[in-house]
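Observations on chain architecture
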Number of protein chains: 2
Amino acid sequence: MKRPIVTVDGNEAASYVAHKLSEVIAIYPITPSSTMGENADDWSAEGRTNIWGTIPEVVEMQSEAGAAAACHGAIQAGALTTTFTASQGLLLMLPTMYKVAGELSCGVIHVSARTVATHALSIFGDHSDVMGARQTGFVLLNSASVQEAHDLAAVAHAATLTCRLPFLHFFDGFRTSSEVAKIELLTDEDLRAMLDEEALAAHRARAMDPERPVLRGTAQNPDVFFQAREASNPFFLAVPGKVQEAMDRFGALVGRRYHLFDYVGAPDADRVIVMMGSAIGAAEETVRTLLAAGEKVGLLKVRLYRPFDAAAFLKALPATAGRVAVLDRTKEPGAVGDPLYQDVLTVLAQAAMAGTLPGESLPRVIAGRYGLSSKEFTPAMAKAVFDQLAAPEPRASFTIGIEDDVTHLSLDYDRNWHPDGEREVRALFFGLGSDGTVGANKNSVKIIGENTPMFAQGYFVYDSKKSGQTTVSHVRFGPDRIEGSYLIERAGFIACHDFGLLEKVDVLAQAEQGATFLLNSPYSKDEVWERLPVEVQRQIIDRNLKLYIVDGYGVAEAAGLGRRVNTVLQTCFFALAGVLPVEQAVDEIKTAIKKTYGRRGETVLQRNYAAVDASLAALEQVEVPGEVRGEVHRHTPVPADAPEFVRTVTAEIIAGRGDLLPVSAFPPDGTFPTGTTQYEKRSIALEIPIWDADICIDCARCALVCPHAAIRIKYYDPAVLDQAPAGFPS
Amino acid sequence: MKRPIVTVDGNEAASYVAHKLSEVIAIYPITPSSTMGENADDWSAEGRTNIWGTIPEVVEMQSEAGAAAACHGAIQAGALTTTFTASQGLLLMLPTMYKVAGELSCGVIHVSARTVATHALSIFGDHSDVMGARQTGFVLLNSASVQEAHDLAAVAHAATLTCRLPFLHFFDGFRTSSEVAKIELLTDEDLRAMLDEEALAAHRARAMDPERPVLRGTAQNPDVFFQAREASNPFFLAVPGKVQEAMDRFGALVGRRYHLFDYVGAPDADRVIVMMGSAIGAAEETVRTLLAAGEKVGLLKVRLYRPFDAAAFLKALPATAGRVAVLDRTKEPGAVGDPLYQDVLTVLAQAAMAGTLPGESLPRVIAGRYGLSSKEFTPAMAKAVFDQLAAPEPRASFTIGIEDDVTHLSLDYDRNWHPDGEREVRALFFGLGSDGTVGANKNSVKIIGENTPMFAQGYFVYDSKKSGQTTVSHVRFGPDRIEGSYLIERAGFIACHDFGLLEKVDVLAQAEQGATFLLNSPYSKDEVWERLPVEVQRQIIDRNLKLYIVDGYGVAEAAGLGRRVNTVLQTCFFALAGVLPVEQAVDEIKTAIKKTYGRRGETVLQRNYAAVDASLAALEQVEVPGEVRGEVHRHTPVPADAPEFVRTVTAEIIAGRGDLLPVSAFPPDGTFPTGTTQYEKRSIALEIPIWDADICIDCARCALVCPHAAIRIKYYDPAVLDQAPAGFPS
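Now for a look at the structure at hand. Remember, it's a predicted structure, so these values are computed and weren't measured experimentally. (Residues numbered from 1 in each chain as written. Chains lettered and ligands numbered in written order. Predicted model: local features only at pLDDT ≥ 70, side-chain atom pairs only at ≥ 80, totals over all residues. Heavy atoms only, no water.)

Section: the overall build of chain A
Counted only if it meets this: Numbering of helices and strands starts at the N terminus; helices are DSSP runs of H or I of at least 4 residues and strands are runs of E of at least 2. Radius of gyration: C-alpha atoms only; globule rule: 2.2 Å multiplied by the number of residues to the exponent 0.38. Surface accessibility follows the Shrake-Rupley procedure with a 1.4 Å probe radius. Residue values consider only the protein chains on display as shielding. Residues counted as positive are Lys and Arg, residues counted as negative are Asp and Glu, and His and the chain ends are not counted. Taken as the charge location is NZ of Lys, CZ of Arg, CG of Asp or CD of Glu.
Counting secondary structure elements, chain A contains 23 helices and 23 strands. Whereas a compact globule of 730 residues would reach a radius of gyration of roughly 27 Å, chain A reaches 28 Å, a difference of no more than 12%. Across its three principal directions, the C-alpha atoms of chain A cover 90 × 65 × 60 Å. Accessible surface for chain A amounts to roughly 28200 Å². Of this, 52% is attributable to carbon and sulfur atoms. Averaged over its 68 positive side-chain charges, chain A has a centre that lies 3 Å from the centre of its 91 negative ones.

Comments concerning the pattern of salt bridges
Which entries qualify depends on this criterion: Salt bridge criterion: a side-chain nitrogen from Lys or Arg within 4 Å of a carboxyl oxygen from Asp or Glu. Throughout this description, buried means an accessible area under 20% of the type-specific maximum (1.4 Å probe, protein chains only), exposed means over 50%, and partly exposed covers the range between.
Across all of its chains, the model carries 74 salt bridges over all chains by this definition. In this structure, Asp 343 of chain A and Arg 306 of chain A form a salt bridge, with 3.1 Å as the shortest nitrogen-oxygen distance. In this pair, Asp 343 of chain A sits in helix α13 (residues 339–354) while Arg 306 of chain A sits in strand β12 (residues 304–306), placing the two residues 37 residues apart along the sequence. Each of the two residues, Asp 343 of chain A as well as Arg 306 of chain A, counts as buried. Notably, a salt bridge pairs Glu 148 of chain B with Arg 303 of chain B, separated by 2.9 Å at the nearest N-O pair. Taken together, the residues span a long stretch of sequence, with Glu 148 of chain B in helix α6 (residues 146–163) and Arg 303 of chain B in the loop between β11 (297–302) and β12 (304–306) at a distance of 155 residues. Each of the two residues, Glu 148 of chain B as well as Arg 303 of chain B, counts as buried. One network of salt bridges, with partners in common, ties together Glu 230 of chain A together with Lys 331, Asp 338 and Arg 369 of chain B.

Let's talk about the packing of aromatic side chains
In this description, a pair of aromatic rings is defined by centroid distance and the angle of the planes. What counts here: Any pair of Phe, Tyr and Trp rings, taking the six-membered ring for Trp, is counted once the centres come within 6.5 Å. Such a pair is stacked with planes under 30 degrees apart, edge-to-face with planes over 60 apart, and tilted for the rest. Charges are assigned to positions over rings by a cutoff of 6 Å between ring centre and Lys NZ or Arg CZ, combined with an angular limit of 35 degrees from the ring normal.
Within the structure shown, the criterion is met by 30 aromatic pairs over all chains. When the centroid spacing of 5.1 Å and the interplanar angle of 75 degrees are considered together, the rings of Phe 429 of chain A and Phe 573 of chain A count as edge-to-face. Of this pair, Phe 429 of chain A sits in strand β17 (residues 425–432) while Phe 573 of chain A sits in helix α19 (residues 566–577); the two residues are 144 residues apart in sequence, bridging distant segments of the chain. Residue Phe 573 of chain A is classed as buried on the basis of its relative accessible area, which comes to 1%. Note on Phe 124 of chain B and Phe 174 of chain B: the rings are 4.5 Å apart at their centroids and 35 degrees apart in plane angle, and the pair reads as tilted. Taken as a pair, Phe 124 of chain B in the loop between β5 (108–113) and α5 (128–131) and Phe 174 of chain B in the loop between β7 (167–172) and β8 (180–184) lie far apart in primary sequence, 50 residues in all. Judged by relative accessible area, Phe 124 of chain B falls into the buried class, the value being 9%. A network of ring pairs unites the aromatic residues Phe 429, Phe 477, Phe 493, Phe 573 and Phe 574 of chain A as a single cluster. A cation sits over an aromatic face here: Arg 175 of chain A above Tyr 459 of chain A, 4.0 Å from the ring centre.

Things to note about unusual backbone geometry
What you tend to see is this: most non-glycine residues have negative phi, and most peptide bonds are trans. Going from Thr 31 of chain A to Pro 32 of chain A, the amide bond is cis rather than trans, its omega being -5 degrees. For Pro 32 of chain A, the location among the structural elements is in the loop between β2 (24–27) and α2 (34–45). Across the junction of Arg 306 of chain A and Pro 307 of chain A, the peptide omega takes the value -10 degrees, indicating a cis bond. If you trace the backbone, Pro 307 of chain A turns up in the loop between β12 and α12 (310–316). Phi at His 408 of chain B is positive, roughly 55 degrees, even though this residue is not glycine. Inspection of the secondary structure assignment puts His 408 of chain B in the loop between β15 (397–400) and β16 (410–411).

Digging into the sheet that holds strand β4 (residues 81–85) of chain B
Residue and element names in this part refer to chain B. The condition that has to hold: DSSP calls a pair of strands paired once it identifies at least 2 bridges connecting them. To define axes, lines are fitted to C-alpha atoms, for helices over the stretch in contact only, and angles between the resulting N-to-C directions are given on a 0 to 180 degree scale.
Read from one edge to the other, the open sheet built from 7 strands follows the order β3-β2-β4-β5-β7-β6-β12, with strand pairing classed as mixed. What marks the edges here is a single partner per strand, and that holds for β3 (57–60) and β12. Taking each pair of neighbouring strands and ignoring which way they run, the sheet shows an average axis angle of 20 degrees. Relative to β4, strand β2 (residues 24–27) runs parallel, the two being bridged by 3 bridges. The residue bridging Ala 26 from the neighbouring strand is Thr 83, located in β4.

What to know about the packing of helix α20 (residues 582–597) of chain A against helix α21 (residues 602–618) of chain A
Residue and element names in this part refer to chain A. Heads up, the rule is: Small angles under 35 degrees read as roughly parallel and large ones over 145 as roughly antiparallel, with 65 to 115 read as roughly perpendicular and the rest as oblique. A clockwise turn of the near helix away from the far one marks a right-handed crossing, whereas an anticlockwise turn of less than a right angle marks a left-handed crossing. Should any heavy atoms of two residues lie within 4.5 Å, those residues are counted as being in contact. Under the convention adopted here, Pro, Cys and the residues Ala, Val, Leu, Ile, Met, Phe, Trp and Tyr are nonpolar, Asp, Glu, Lys and Arg are charged, and Gly plus all remaining residues are polar.
Relative orientation of the contacting elements α20 and α21 amounts to 155 degrees, with a least axis distance of 10 Å. One finds that α20 runs roughly antiparallel with respect to α21. α20 and α21 meet at a crossing whose hand is right-handed. Across from Val 582, Val 586, Ile 589, Lys 590, Ile 593, Lys 594 and Tyr 597 in α20, the residues of α21 making contact are Val 604, Leu 605, Asn 608, Tyr 609, Val 612, Asp 613 and Leu 616. Its residues assigned to classes, the contact of α20 with α21 comprises 10 nonpolar, 1 polar and 3 charged.

Quick look at a negative patch on the surface
All names here are of chain A. Let me state the cut-off plainly: In this analysis, a patch consists of residues with relative accessible area above 30% that form no salt bridge, clustered at 9 Å for like charges and at 5 Å for the nonpolar side chains Val, Leu, Ile, Met, Phe, Trp and Tyr.
A surface patch of negative charge is lined by Glu 38, Asp 41, Asp 42 and Glu 60. Here the negative patch takes 3 residues from α2, the largest share from any one element. Residue class for Asp 42 comes out partly exposed when judged on its relative accessible area of 43%.

Quick word on the interface of chain A and chain B
How large an interface is tends to be reported as the accessible area lost when its parts come together. To keep it simple, the criterion reads: Accessible area that two parts lose when put together, with a 1.4 Å probe and added across both, is what the buried area reports. Pairing of N or O atoms within 3.5 Å defines a polar contact, subject to two protein rules: one partner must be a possible hydrogen donor and the other a possible acceptor, and residues neighboring in sequence count only if both atoms are side-chain atoms.
In this assembly, 101 residues from chain A lie in contact with 101 residues from chain B. For the pair chain A and chain B, the two sides together bury roughly 9200 Å², of which 63% comes from carbon and sulfur. When the area that chain A buries against chain B is broken down by residue, the three leading residues are His 119, Phe 226 and Met 353 of chain A, summing to 8%. For the interface between chain A and chain B, the tally reads 48 residue pairs in polar contact (both at pLDDT 80 or more). Breaking the side of chain A that touches chain B down by element, the ones donating at least two residues are α4 (87–102), α9 (225–230), α10 (233–254), α13, β14 (364–370) and β15 (397–400) of chain A. Per element, the largest residue contribution to the side of chain A that touches chain B is 9 residues, and it comes from α13 of chain A.

Following this line, the structure appears as structure tokens:
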């Protein structure tokens, strides 16, 4: 059976399965889970059916509390039920979750794990939301990649029926939910084969039904509640076995094998990292590189987090592992350790007391915290953790990925250490929000993923300023499955889709020696060099970059596309990257254009086609001079006379160097000074409104519509104008 | 300085301090915390002021989510702020709690800890709600008794200011929140002296103020969130020291000394129990008894649960403690251990790895779960835990207090084992809901507590059927502070305020040899014996009880009080108990009557006074015959032809033997059969409505008003009556 190969993000991968295996889907949007609900809603609106041929009923509630309650009701009616959420949305579901689990109900919540707001809100990813639900009785199953979000979604929907317990299937917000990757899609037959028909029938038979009335939701008193609560123990004890059964069934069907805990590394490793979530990808690259260098290291991936199966964990951990680092992507202030660490240490200490340790004595277990709010976790950080494990006296607990100059918890790491992975191509694309760069890159990933045997991955970084922001597209492709679950640190190809960005952003910071640099330039190849900021020239010379330019705006305008340069630069990328024969790439781009713009009519299509064809002709290589010339410099992000906080903190954030700010830079309670936006000159407006007294009819709309208040209205008595200077317009 | 001695429940003890030390109090009612909010509301309505002479503003919100948000806002406005909640109410506050803690805010939530609803709802107490909030960043401080709920409330309100972190001060729902006990009341001067003026001024200075604008509630991105989150570490690290400072300040002022962890027991104990909450009282009685018998045992009380201070814990634990049992009053299904156990084991394992253990090697740590939903925790159970610790191979984890015949986790315990405590008097009073028994007993506890040097305690057990239910008042008094935090198991005095109860409830089950039994009897001392169920007669003879009767209904009616027998029986209790000279007791009862009924006018007062005076005359001792006589038997709770579930489960619950039902008796998902109420004949109605066709005007109100549907209306065509039997009324 041939399964379709698709290029989708984690949210689509999970919600695809959810929609196929559900009858009632209650939704409420919250970043980064929203697209799961939107997908389900769209698909049902389009008439897409689940594997039984019925269209799932999608209902949007007034909040996540309502969505959870709607699921509770649907479950009691015997429906196959799911919902999607994250962060505070998950917290609002908690009261209902305790009940749904206590009632031994079947259902799945898919969570794109996101930071819970504390000193500041963050829409990005960590495990603080899921960890806030670990005591509810839900089964917690983690996926660490887009393919896993697809596969383990199927395991969750299957195992909830056999376990008779609700599942919370989670994966990292943004890094997995929004990463676009090439995956193998499960077929309806696969999904059907995953379900246990008997367990499904039993779920339906437990539906509330006036023909077979039962009483649920009683109130119990001290005399009996405790006993009744313990009566559910057998169901929780059976979960690990039943989840493994579902994983085994999946493996037999599809070929990808999963276990409650999956170990990779040396069978006789002396140092092991235990973790879950997308950062596993980065850690795995490090393990492979260190293994190749003969180091005895390993990585233990946690998939089933609750119930935590001590026996399976001890079996998966090499008996030789004398040093273990447990990495948590959450922070629980005041606890003696973050949750995964405490669980692992508890299991090992229990085994030590019971004499069932895999090794001879209690391993040294140390605790690391990483990746809060989608802070990067890179192979270099994993390397630093392994180094720490090798220290004579390893730190008992640490953070990794930041510089903590306050409580000095952070480990140093070598930013220049990189894992082996030379067969993979890494490309970075800098664009402006709404300029089409991200869309074109998603499309390129799709073209590579679906038209070549290569694996491809795209991840897209925005700042929070929406339209007009800087966007960076991180694209990887290569012959092997791509594990890199972190931003690209060394790129062989860099494209800058807007010339102006060169003055604001360090576009070439990640350029490797000899990399290709594609620049959208309004200047010809003869004059462009001196227009480049001298810092950029220096980088090009020092790193021996190959510089290509294309007048994207010129080509687009000539083709009648205004300022939409995305197609032009996409075509040039394929021309330079050599991943596909140029002709085939052009065909695929045109096919994609037809898909995207087909509805807008033949004229638009022809204009885009013309732009594609003209792009290749306009692409030129620039002879790189041996020396720096010209007067253009990269801007400083804020004026020199800005207040100190703005210069030392805000400016670094604006410049994209926020990651380098140490802990001491930040007010501990999230309180910031006001009035700081005045120092950020974003310079993204192509036009600025100027009041023209001659044509003004006093309608005041100019002041009303401009979100930036570029024109402001003041009312005053005309009499006071007598003293006004001559040049004062009114 | 003389401090007032008062007899109050835990809710009043805590809310008294909260009202004295707050300016804004946001409330939303939920059992068992409601009276805290009601108290605050009443007190402010009465014009009672806080220690600064202003009346706290009490605002009731639409839900606990709103109450938390109102607190958040008030804190940001620089107010001293508090709220009260429990269970699902606390869960609704979670999203706001993360923010309030993340912003390093000062404020206190007082929680009367209550079970979170799972397979069934329960209004009773355990720590599942508080444990669901342990990851929020709130400081968690536990009180184990009514006096502590008062004292540590003051510590919480003081330390939140010095710590710059919000406090969750909690104590056990019902057992502490509703236990009436004699405590020493803190004065305004005490409370004022507890507060650090500088910290208070700093809190006010952090208020949002347009004169000094700041930005709070920002959104942060991956570049900076993690560092900013770690910036708060110093505040959490400082909490243990600052809480101990507040406790020390309290100790110096008031004399009662508290520590983050308080140890009682042998300095060289080999076996130690670690726990928190009201069950400490029961465990402490066991420790004292075992110590007196020469056993090397100890009890470590946890007061500051978050942040959990590892160093203070290790210092408090005797180095000799080779065996440690950690008892949790919550259940987290799927976890490798419940939370307090995991924390203790983590701290010990960390110390073992770091070489800082108090003893030579890692103690054997075992985990026990007890007391869910206010399940009793008795000294006998604590004894069983110590016995288990002494076993050659102690169980790694267990439950205590139930019989688990499903997963066999439960420990056996000897129900007949009791701690020493002979100087304390224990009395039980059986009444009917709304008959005034509970009120009279609260009043008696107050009279003893406030008019004698004795300590007194009252705890009141209701079933959930409100009016007409059985109530049992558990009253202890004696020369020493009363630690018994469990229902009375052996009583020297038992009163039955309703003769009919003898047929339904095993009133004398707890009667000690030679105890006094006071019975409200409509039968004279000559005829009463044969009216007693033969089972009761047997108990009276076997246990050599002294039997007293009073015709409470007769005396009350003669005094014009209808069926309100509470005053009559209260007077007889004092006459028999000998705790006060009878004349003084009579005076105090009359004073209490004046307080309670004064507003209803002189006639009511005189009737009550008359009842008091007549009671003593009506009190008679019954000569107990040596043999059982008569035909009256205690009822079986349900008919013999009831369905099996009703006979084996429902009937046991009705009979008050639900505690003895094993785990296997219960459906694991909380699903019960319907239609079972028909088998419970409560027989509490004194009158039953009968339809009288002669006076019926078809108004239908009889059917509308009766909550029991004793009269039902059916409409049918008069024509069908042709065939009706002669006796069919219509």
